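The chain contents come next:
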Amino acid sequence: MLELAKVSKNYDSKLVLKDFSFKFKALHKYIITGSNGVGKSTLLQIIADVILASSGTVSFSIENPKMVLGWVPANASSFLPELSGRENLLFFFSLYSTQTDAFNSQIEYWARLEEFNFLDEKVLHYSSGMLQKLNFLRGIIHNPQILVLDEPLENLDSTSVEMIKAYLINFKGLLIISTHRCKEWDELNAEIINLEKIK
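So, a few notes on the structure that sits alongside this text. Since the structure is predicted, the reported quantities are computational estimates derived from the model, not experimental observations.

### Focus on the sheet that holds strand β1 (residues 2–11)
On the basis of which strands lie adjacent, the open sheet formed by 3 strands has the order β2-β1-β4 and antiparallel pairing. Two strands in the sheet have a free side with no partner beyond their single neighbour: β2 (14–24) and β4 (55–60). With direction set aside, neighbouring strand axes in the sheet form an average angle of 20 degrees. Where β1 meets β4, 5 bridges bridge the pair, whose relative direction is antiparallel.

### Overview of the packing of helix α4 (residues 128–140) against helix α5 (residues 158–169)
Contact geometry of α4 with α5 gives a least axis separation of 12 Å together with a crossing angle of 15 degrees. The angle between α4 and α5 falls in the class roughly parallel. Along this stretch, α4 crosses α5, giving a crossing that reads as left-handed. Contacts from K133, F136 and I140 of α4 reach α5 at S160, I164, Y167 and L168. Tallied by class, the residues present in the contact of α4 with α5 amount to 5 nonpolar, 1 polar and 1 charged.

### Here we look at helix α2 (residues 85–94)
Every buried residue of α2 is accounted for by G85, N88, L89, F92 and F93. The arc that holds the buried residues of α2, viewed along the axis, is 135 degrees, so those residues lie on one side. At its buried positions, α2 is contacted by α3 (100–111) and α4.

### Digging into the packing of aromatic side chains
Throughout the structure, instances matching the rule amount to 15 aromatic pairs. Each ring, one from F91 and one from F92, has its centre 5.1 Å from the other, and the planes form 70 degrees; the classification is edge-to-face. Its relative accessible area of 39% is what places F91 among the partly exposed residues. Plain terms: the ring middles of F118 and Y126 are 5.1 Å apart, the flat faces sit at 80 degrees to each other, and that makes the pair edge-to-face. Since its relative accessible area comes to 9%, Y126 is described here as buried. An aromatic cluster is present here, built from Y109, W110, F116, F118, Y126, F136, Y167 and F171 joined pairwise through their rings. The side chain of K9 reaches across the aromatic face of Y11, ending 5.1 Å from its centre. Of note, K133 hangs over the ring of F116, and the distance from its end group to the ring centre comes to 5.7 Å.

About the cut-offs
Along each chain, residue indices are assigned from 1 in the same order as the chain's sequence is written. Reporting of local features is limited, given that this is a predicted model, to residues whose pLDDT is at least 70; pairs of side-chain atoms are given and counted only at 80 or more, and all residues count toward the totals for whole chains, interfaces and linings. Each side-chain value is worked out from all heavy atoms of the structure, with water and hydrogens disregarded. Strands were regarded as paired on the criterion that DSSP finds at least two bridges between them. Secondary structure elements are taken from DSSP: a helix is a run of H or I of four residues or more, a strand is a run of E of two residues or more, and numbering for both begins at the N terminus. Convention adopted: a line fitted to C-alpha atoms gives each axis, helices being fitted over their contacting stretch, and angles between N-to-C directions are expressed from 0 to 180 degrees. Between 65 and 115 degrees an angle is taken as roughly perpendicular, under 35 as roughly parallel, over 145 as roughly antiparallel, and anywhere else as oblique. In this scheme the crossing of two helices becomes right-handed for a clockwise turn of the near helix relative to the far one and left-handed for an anticlockwise turn of less than a right angle. Residue contacts are defined here by distance: any two heavy atoms, one from each residue, within 4.5 Å place the two residues in contact. Ten residue types, Ala, Val, Leu, Ile, Met, Phe, Trp, Tyr, Cys and Pro, are classed as nonpolar, four, Asp, Glu, Lys and Arg, as charged, and the remainder, Gly among them, as polar. Only protein chains enter the accessibility calculation, which uses a 1.4 Å probe; a residue is then buried when its area is under 20% of its type maximum, exposed when over 50%, and partly exposed in between. Working note: the arc is built from the helix axis to C-beta atom directions. To pair, rings of Phe, Tyr and Trp, with the six-membered ring standing in for Trp, must have centres within 6.5 Å; the planes then decide the type, stacked if under 30 degrees apart, edge-to-face if over 60, and tilted in the middle. Throughout this description, the term charge over a ring refers to an Arg CZ or Lys NZ atom that lies within 6 Å of the ring centre and within 35 degrees of the ring normal.

Spelled out as structure tokens, the structure:
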């Protein structure tokens, strides 16, 4: 479904990622791990088409992959602070689809949960944990076939952690998660890719 061949990334003279090659299979789950600075976030940003690789190729076996890819960055930013969480999610959903019935069905499911009862408040009043949960919803609200997440459990309480992990365990698609704490994800039964061992 997704193949990277000799992908490298450098910022000026600093090489962050070197000659990464891998074939990601559809409906499989993967954990990208390694110490800080090894290139985990950079790799995920390249896969999500947030940044371009300096060299190498990124190939998807489906047309228009950006429309079926969900991206949950480590930094929960780029929300419109004067709008509510629900309004922000509708804006981002509209980039993928005009089927508001599908959006309403999705958002009502999450809004009924106590851990997501803040969605009608303005984002400017959100705590870091609330922003992270909104960040997660932004990545999944359009029902992606490919889901890429960078440290998705940061700043979350234990109940929210278990809820999001349960969703990802049951996710039916290609799942790629970056973390430096693999033990948190034992239940996922994912294939581990350690970038330090690849370098």
